[in-house]
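# Remarks on the overall topology
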Amino acid sequence: MIEKKAYLKPTIVRHSVGVTNKFGRPPVTVPQESIEGFPINDLAGKYGSPLYILSVEQLRQKYRDMNRAFTTRYPKAQIAYSYKTNYLKSVCSILHQEGAWAEVVSGFEYDIARDLKTAGEKIIFNGPYKTKEELRRAFKNGSMINVDNFDEIQVCEEVAEEFGRILPVGVRINMDLNSPPWHKFGFNVEAGHAFEAVKRIQSGGKLEVVGLHIHTGTYVDDVNIYAMAAQGLVNFYTHIKNQLGITLKYWDIGGGYASHNTLNWAWQSSEFTCPSFDDYAEAICPVLMNGPFQANEMPRLFLEPGRALVDEPFSMITSVVAQK
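For every chain, the first residue of the written sequence is number 1, and numbering continues from 1 along that sequence. Local features in a predicted model are, by the rule used here, given only for residues with pLDDT of at least 70; side-chain atom pairs are given and counted only at 80 or more, and totals for whole chains, interfaces and linings are based on all residues. Hydrogens and waters are ignored; side-chain quantities use all the structure's heavy atoms.

### Describing the overall build of the protein
Note on conventions: DSSP H or I runs of at least 4 residues are helices, E runs of at least 2 residues are strands, and numbering of each starts at the N terminus. Along its length, the protein carries 11 helices and 13 strands. Viewed in the frame of its principal axes, the protein has a C-alpha envelope of about 80 × 70 × 35 Å. When accessible area is computed with a 1.4 Å probe and restricted to protein chains, residues below 20% of their type maximum are described as buried, those above 50% as exposed, and intermediate ones as partly exposed. Taken over 324 residues, the protein has a buried fraction of 44%. Pairs at least 24 residues apart make up 66% of the contacts formed inside the protein by residues separated by at least 6 positions. Residues are treated as being in contact if the distance between any of their heavy atoms lies within 4.5 Å.

### Observations regarding the pattern of salt bridges
Salt bridge criterion: a side-chain nitrogen from Lys or Arg within 4 Å of a carboxyl oxygen from Asp or Glu. Under the criterion given, the structure shown has 17 salt bridges. In this structure, R60 engages E98 in a salt bridge whose closest nitrogen and oxygen atoms are separated by 2.8 Å. With R60 in helix α2 (residues 56-71) and E98 in helix α3 (residues 89-98), this pair connects stretches of sequence that are 38 residues apart. The exposure class assigned to E98 is buried, which follows from its relative accessible area of 19%. In this structure, R200 and E157 form a salt bridge, with 2.7 Å as the shortest nitrogen-oxygen distance. Taken as a pair, R200 in helix α7 (residues 193-204) and E157 in helix α6 (residues 150-163) lie far apart in primary sequence, 43 residues in all. Note on E157: relative accessible area 5%, which makes it buried.

### Describing unusual backbone geometry
Excluding glycine, residues mostly carry a negative phi; peptide bonds, for their part, are mostly trans. Residue P50 is reached from S49 by a cis peptide bond, and omega for that bond is 0°. Of note, P50 is situated in the loop between α1 (40-47) and β3 (51-54). The phi dihedral of E36 is positive, around 55°, even though this residue is not glycine. Here E36 shows up in the loop between β1 (34-35) and β2 (38-39). In this structure E36 comes out as exposed when scored by relative accessible area, which is 52%.

### Notes on the packing of helix α5 (residues 132-140) against α6
Running from N to C, α5 and α6 cross one another at 55°; their axes reach a closest spacing of 10 Å. Here α6 runs oblique to α5, going by the angle between their axes. As for the relative orientation of α5 and α6, their crossing is right-handed in sense. Along its contact with α5, which presents K132, L135, R136, F139 and K140, the element α6 presents E152, V155, C156, E158, V159, E162 and F163. The residue makeup of the contact of α5 with α6, split by class, is 6 nonpolar, no polar and 6 charged. Angles here are taken between N-to-C directions and fall from 0 to 180 degrees, while the axes themselves are lines fitted to C-alpha atoms, restricted in helices to the stretch in contact. Put simply, angles under 35 degrees are roughly parallel, angles over 145 are roughly antiparallel, angles from 65 to 115 are roughly perpendicular, and the rest are oblique. By definition, any crossing whose near helix is turned counterclockwise from its far helix by less than a right angle is left-handed, and any crossing with a clockwise turn is right-handed. Residues are sorted three ways: Asp, Glu, Lys and Arg are charged, Ala, Val, Leu, Ile, Met, Phe, Trp, Tyr, Cys and Pro are nonpolar, and all the rest, Gly among them, are polar.

### Topic: the nonpolar core
In summary, soluble globular proteins display a tendency toward joint burial of nonpolar side chains. What we call a nonpolar core is a set of buried Ala, Val, Leu, Ile, Met, Phe, Trp, Tyr and Cys residues that are connected through their side-chain atoms within 4.5 Å. F70, V171, W251, I253 and L301 are the most contacted members of the largest nonpolar core, which totals 79 residues. The element that contributes the greatest number of residues to this core is helix α8 (residues 223-244), accounting for 9 residues. Residues within four places of I253 in sequence aside, it is in contact with I214, Y226, A229, A230, L233, I284, L301, F302 and L303. W101, I124, V210 and Y250 belong to the second-largest nonpolar core, a separate cluster that totals 7 residues.

In structure tokens:
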């Protein structure tokens, strides 16, 4: 005979809003009455809602903080703002004023960069699909093109034949860094595809590998992943330099840097989990500084931040129209 357990009546336990407990992180609502000193009610009354507000000063400061964090540790670091994150011309223009280059993934974004008078040689053209005409224009303007697949290599060689000269390209690679691995784009290192791509380009005689590009993921708040990516770049550069005699002009460690906006699934507030720009730089730069190069051959380091720059400077004002 199974003994029946004693009945315990249900209880209600009070939880403090915003405090982490075994049930997760309850939502927290902090009343905010103004943005940069401007009353929210006045802004909504004048411009209506929904209304996006950009703090220009905060945007500029974000750029300056990131730029300082990396250039103090790697003197040839250069930020190339990720247009796809927010390609409003005002946002891109402000960041260009601060010294940012442009990182684009489509002809549409390339047009925006050129409309803003961004020099062709200060545009990085990434992405899995670039038309032949877009590649012609980018090469003609001296932009950096990171190839993503073998078919694109073939198209770039066709453009090189048309131009009658050897064209410089970067190669997008990926590695087994996180779980699940970020294998969406580029050539995998561990499987040998990245080396095959570099060797294929060099053997064709129409293109020259001058750069490596990697993107570790999105909202990556674990700086160890960037440290592993940096070490992977160093190892792969060493390999292709020894085997194929390649000297890089740049390496690009991409974007994915987290912001202080907490994601829905996060257990803790981003206040406690989001690394600082100094944390990211400290994980990346010392590793790259040990790369296979002399001081006069230091590759330029490109960074492609998006949300880490524009997420927090933006606010959205909305009005409650009904309760359900």
